[in-house]
Amino acid sequence: MTLTTNPKVPAAGAKASFSGAFPVERLAELIPNPFAAKWIAECIELCKPDELYLCNGSIEERERLYARGCADGTFVKLDQKKWPGCYYHRSNSNDVARTEHLTYICTPGPDMVGPTNNWMEAKQGYAKLRGLYDGCMRGRTMFILPFVMGPIGSPLAKVGVELTDSLYVAVNMQIMTRMGDVAWRQLGSDDEFTRCLHSVGDVNPDRRYICHFPLDNTIWSFGSGYGGNALLGKKCLALRIASFLGQQQGWMAEHMLLMGATAPDGKKTYVAAAFPSACGKTNFAMLIPPKKYTDAGWKITTVGDDIVWMWVDKDSGKLRAINPEAGYFGVVPGTNEKTNPNAMVCMAKDSIFTNVALLPDGDIWWEGKSKEPPAECVNWEGKKWTPEIARQTGAKAAHPNSRFTAPMANNPVLDEMANDPAGVPVAGIIFGGRRSKNVPLVYQAFNWMHGVYLGAMLGSETTAAATGAVGVVRRDPMAMLPFIGYNIRDYFIHWMRMRKVMKDCPRVFHVNWFRQNDDGEFMWPGFGENMRVLKWIVDRCHGKAYAVESIIGWVPLAKDLDLDGLNMPPEAFEKLQSVSGDELKSEILGQEELFLKLAGEMPKEMIFQRELLISRL
Ligand code: SAT
Ligand code: MN
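Residues numbered from 1 in each chain as written. Chains lettered and ligands numbered in written order. Predicted model: local features only at pLDDT ≥ 70, side-chain atom pairs only at ≥ 80, totals over all residues. Heavy atoms only, no water.

## Describing the overall build of the protein chain
Right, so step 1: Scanning the protein chain for helices and strands turns up 18 helices and 33 strands.
Right, so step 2: For the protein chain, the C-alpha radius of gyration of 24 Å lies close to 25 Å, the compact-globule estimate for 617 residues.
Right, so step 3: Dimensions of the protein chain along its principal axes, counting C-alpha atoms only, are 75 × 60 × 45 Å.
Right, so step 4: Here the protein chain holds 617 residues, and the buried ones make up 60% of them.
Right, so step 5: Taken as a whole, the protein chain presents about 24,400 Å² of accessible surface, with 53% of it coming from carbon and sulfur.
Right, so step 6: When the 68 positive and 68 negative side-chain charges of the protein chain are each reduced to one mean point, those points stand 1 Å apart. (Helix = DSSP H or I, 4+ residues; strand = E, 2+ residues; numbered from the N terminus. Rg over C-alpha atoms; globule rule 2.2 N^0.38 Å. Buried < 20%, exposed > 50% of the residue type's maximum accessible area, 1.4 Å probe, protein only. Areas by Shrake-Rupley, 256 points an atom, 1.4 Å probe, with all protein chains shown as cover. Lys, Arg positive; Asp, Glu negative; His and termini not counted. Charge placed at Lys NZ, Arg CZ, Asp CG, Glu CD.)

## Looking at the environment of L563
Right, so step 1: Note on placement: L563 falls in the loop between β33 (554-555) and α16 (570-577).
Right, so step 2: When its relative accessible area of 13% is taken as the criterion, L563 is described as buried.
Right, so step 3: Through-space distance from the C-alpha of L563 to that of E529 is 9.5 Å; in sequence the pair is 34 residues apart.
Right, so step 4: Ignoring sequence-local partners within four residues, the contact set of L563 consists of W524, R532, A558, M568 and F573. (Contact = heavy atoms within 4.5 Å.)

## Describing the environment of C377
Right, so step 1: Within the fold, C377 resides in strand β23 (residues 377-378).
Right, so step 2: Considering only alpha carbons, one finds C377 and E254, 123 residues apart in sequence, at a separation of 39 Å.
Right, so step 3: Those residues within four positions of C377 in sequence are excluded, and the remaining contacts are A357, L358, L359, K383, K384, W385 and A397.

## Some details on empty space enclosed by the protein
Right, so step 1: This model, assessed by the stated rule, comprises two cavities of 30 Å³ or more.
Right, so step 2: Quantified by volume, the largest cavity comes out at close to 210 Å³.
Right, so step 3: What lines the largest cavity is a set of 19 residues, among which V439, Y443, L454, E587 and Q591 lie closest to the centre.
Right, so step 4: At the level of elements, α13 (448-456) and α17 (581-597) are the ones that each hand at least two residues to the lining of the largest cavity.
Right, so step 5: Its volume calculated, the second largest cavity comes out at about 30 Å³.
Right, so step 6: Residue lining of the second largest cavity: S243, G246, Q247, W251, M252, A253, E254, Y486, Y491 and H494, and that is the complete set. (1 Å grid on protein atoms, 1.4 Å probe; cavity = no way out; pocket = protein on both sides within 12 Å on 5 of 7 lines; lining within 4 Å. Points joined across faces, edges and corners; volume = space filled by probe spheres on them.)

## Brief notes about the coordination of the manganese ion (ligand 2)
Right, so step 1: Those donors, K235 (NZ), H255 (NE2) and D306 (OD), are the protein atoms that reach the manganese ion (ligand 2), and they lie 2.1 to 2.2 Å from it.
Right, so step 2: Taken in chain order, the donor set of the manganese ion (ligand 2) reads K-x19-H-x50-D. Of the two residues, K235 sits in helix α8 (residues 233-249) while H255 sits in the loop between β13 (252-254) and β14 (257-262), which places them 20 residues apart along the sequence. Residues K235 and H255 agree in their burial class; the two are buried. (Donors = N, O, S within 2.8 Å, 3.2 Å for Na, K, Ca; no water.)

## Section: the domain arrangement of the protein chain
Right, so step 1: When the domains of the protein chain are assigned, the result is domain 1 (15-73 + 96-250), domain 2 (254-324 + 415-616) and domain 3 (328-409).
Right, so step 2: On the domain 3 side, the residues contacting the eleven residues of domain 2 number eight residues.
Right, so step 3: Buried surface at the junction of domain 2 and domain 3, summed over both partners, amounts to about 850 Å²; 63% is from carbon and sulfur atoms.
Right, so step 4: When the area that domain 2 buries against domain 3 is broken down by residue, the three leading residues are M286, I288 and D305, summing to 49%.
Right, so step 5: In this structure, the connection of domain 2 to domain 3 is made through zero salt bridges.
Right, so step 6: Run the count over domain 2 and domain 3 and you get two residue pairs in polar contact (both at pLDDT 80 or more).
Right, so step 7: Within the residue set of the side of domain 2 that touches domain 3, elements represented by two or more residues are α9 (281-285) and β16 (299-304).
Right, so step 8: Its residues assigned to classes, the side of domain 2 that touches domain 3 shows five nonpolar, five polar and one charged. (Domains from an automatic or database assignment. Buried area = accessible area lost by both parts, 1.4 Å probe. Salt bridge = Lys/Arg side-chain N within 4 Å of Asp/Glu carboxyl O. Polar contact = N/O pair within 3.5 Å; in protein donor to acceptor, adjacent residues only side chain to side chain. Nonpolar A, V, L, I, M, F, W, Y, C, P; charged D, E, K, R; others polar.)

## Here we look at the site of ligand 1
Right, so step 1: The environment of ligand 1 is made up of R98, Y226, G227, G228, K234, K235, D306, F329 and R403.
Right, so step 2: At 2.4 Å, a side-chain N or O of R98 approaches an oxygen atom of ligand 1.
Right, so step 3: Residue G228 places a main-chain N or O atom 2.7 Å away from an oxygen atom belonging to ligand 1.
Right, so step 4: Against a free-state accessible area of 250 Å², the protein chains account for coverage of 91% of ligand 1.
Right, so step 5: Looking at the shell around ligand 1, the elements with two or more residues in it are α7 (227-230) and α8.
Right, so step 6: Here the residues of the shell around ligand 1 are counted per class, giving two nonpolar, two polar and five charged. (Near = heavy atom within 4 Å.)

## Remarks on α16
Right, so step 1: Looking at α16, one finds that the buried residues are F573, L576 and Q577. For α16, the angular spread of buried residues about the axis comes to 95 degrees, placing them on one side. Exposed residues lying more than 90 degrees from the buried face of α16 are E571 and K575.
Right, so step 2: In this fold, the buried residues of α16 make contact with β28 (442-444) and β33. (Arc of directions from axis to C-beta.)

## Examining the pairing of strand β11 (residues 209-213)
Consecutive residues of a regular strand have side chains that alternate between opposite faces of the sheet.
Right, so step 1: Burial runs high along β11: five of the five residues are buried.
Right, so step 2: Of the pairings in the sheet, the one linking strand β5 (residues 103-107) to β11 comprises three bridges and is parallel in character. Across the sheet, Y104 pairs through a bridge with C211, a residue of β11.
Right, so step 3: Summarising the sheet, β11 and strand β12 (residues 218-222) pair through five bridges and their orientation is antiparallel. Within the sheet, the bridge partner assigned to H212 lies in β12 and is I219.
Right, so step 4: Where β11 folds back on β12, the antiparallel hairpin that results is connected by four residues, among which N217 adopts a positive phi of roughly 50 degrees. (Pairing = 2+ DSSP bridges.)

## As for the packing of α13 against helix α14 (residues 488-501)
Right, so step 1: Contact pair α13 / α14: the axes reach a minimum separation of 9 Å and the direction vectors enclose 155 degrees. Classified by the angle their axes make, α13 and α14 are roughly antiparallel. The handedness of the crossing between α13 and α14 is right-handed. On α14, the residues that touch W448, M449, V452 and A456 of α13 are F492, W495, M496, M498 and R499.
Right, so step 2: A per-class count over the contact of α13 with α14 returns eight nonpolar, no polar and one charged. (Axes fitted to C-alpha atoms, helices over the stretch in contact; angles between N-to-C directions. Parallel < 35°, antiparallel > 145°, perpendicular 65-115°, else oblique. Left-handed = near helix turned anticlockwise from the far one by under 90°.)

## So, the sheet that holds strand β20 (residues 352-354)
Right, so step 1: Read from one edge to the other, the open sheet built from five strands follows the order β3-β4-β20-β25-β19, with strand pairing classed as mixed. Taken across any chain shown, the strands that pair with only one partner, and hence form the sheet edges, are β3 (76-77) and β19 (327-331).
Right, so step 2: Two strands pair when backbone bridges link them, and β20 and strand β25 (residues 403-407) are joined in this way by three bridges, in the antiparallel orientation. Within β25, the position partnered with I352 by the bridge is T405.

Pasting the structure below:
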């Protein structure tokens, strides 16, 4: 199937694009788009940087910036024999994760943002942040980062320009996006780009605001240098702004991984999957099948590990998807040769490590990297750390949310279509959470609408990685709760309406790798063995595997899922799959919490789905 690539992208010109510092007088000459030049000039006047630095995303430029960053303390060059092209960064200790309570959607009225977002009146938002930005870049450099989210030439690819006073953000954005000339070429003389203004300010949580102005295609972020708060192409543009645009324009921006499963007969099936954090999304996206599957010819390839943009192809009426990102910003602790060997290869070169522990010889370490901790290191807070200190104080070597930033080109199982502007066809959508009770290993929704209900009710248990009580089920619809850039009611309706424009829609599934027995032991081995579940899902997408109808959906029996070589008797599997009346009642009561939270905003179709479930019960 062919899809016209974006006609707005002319071929590269002969002139190499500029990279480096330049005087403000050259702004109009160096910024090829007049709207961008005008907006940048306004931001310069507001932020008053000492220096301007235009980025083109080249390798030479990255090296120059790393050298600058090593000189000013932003980066430490790691042992280049062990970690070629890799650098280390330690953040401010109060700035280690996304700050949802300081994240706002700014619109004229509160109804547009609904009950799940923080709202700020747009004019007030601009006024408040203008006060903070005023002169905030004195003595600093403003980096100008033109970038594209999505494969170049894709009908959904979007241009953004980020202005930031953080060198760390500049190099991270080089890895995470397609940066430079390509953005100016795609933009042409249009006004259609996301205006992303960012300053770390004084990294003070009392003056930290992550503000989105969806009606103006604008993001203003102040006071944080952390990934999701500062790499504005990621959660801010590719999810919050994009979900808003998608709702207006009839496409979807989702917090999902995207993977290909190639069967022994060579047929490839793509599935997208949404999991709340701490459910092993990156591991699943890079899954290594058990030996018997690889021997038989199965292969798993990654298109993306965090975000997908999906649209309905006009010719086929089917859903297609791209990964808008060009890199991975993954959690480091717990990653090792066993849990995710492909991620280890991804981060082995040309990567940035943030908030792991630094060894005296330029090596790094994190909890879960190896059984044997180093005798001594400097931890993510810049303090001396030894196993003994850890025993006495509980101090971690690496922050639980420490991260690697790696180019996706490093991925040994990168899907061959990952850079294809036409995207990949989506045959299945998987929702999953971490649930110790009540929820079986896998089941399939009866239809799209039921699938939307399963996604809307998605819940996951809190882990020790987050603050607050452990083991509490948090509802996180479609794993999008902090990322829906508008009213969740309209978001659910948008999901339901997508059905009307698809001739053939993806099958929808729910998985749970984390169910426990009465002794608190995991009932499913997880990791590579999840391939067995994925095979059933792939076969179901093609109408091949068997399932029986149950109250909750279509479920496989022990004979329908490959348990061969697992040491799991059929009775154990049936137990893993069974949901008693009491368990289901407790689950339905748990869902009630979300209905109450969204009281008045739950579309009636969701209420009907709930009623249907209760009546089946
Ligand atoms: O919010 S980040 O994008 O920094 C990390 C994540 O939650 O995926
Ligand atoms: Mn994410």
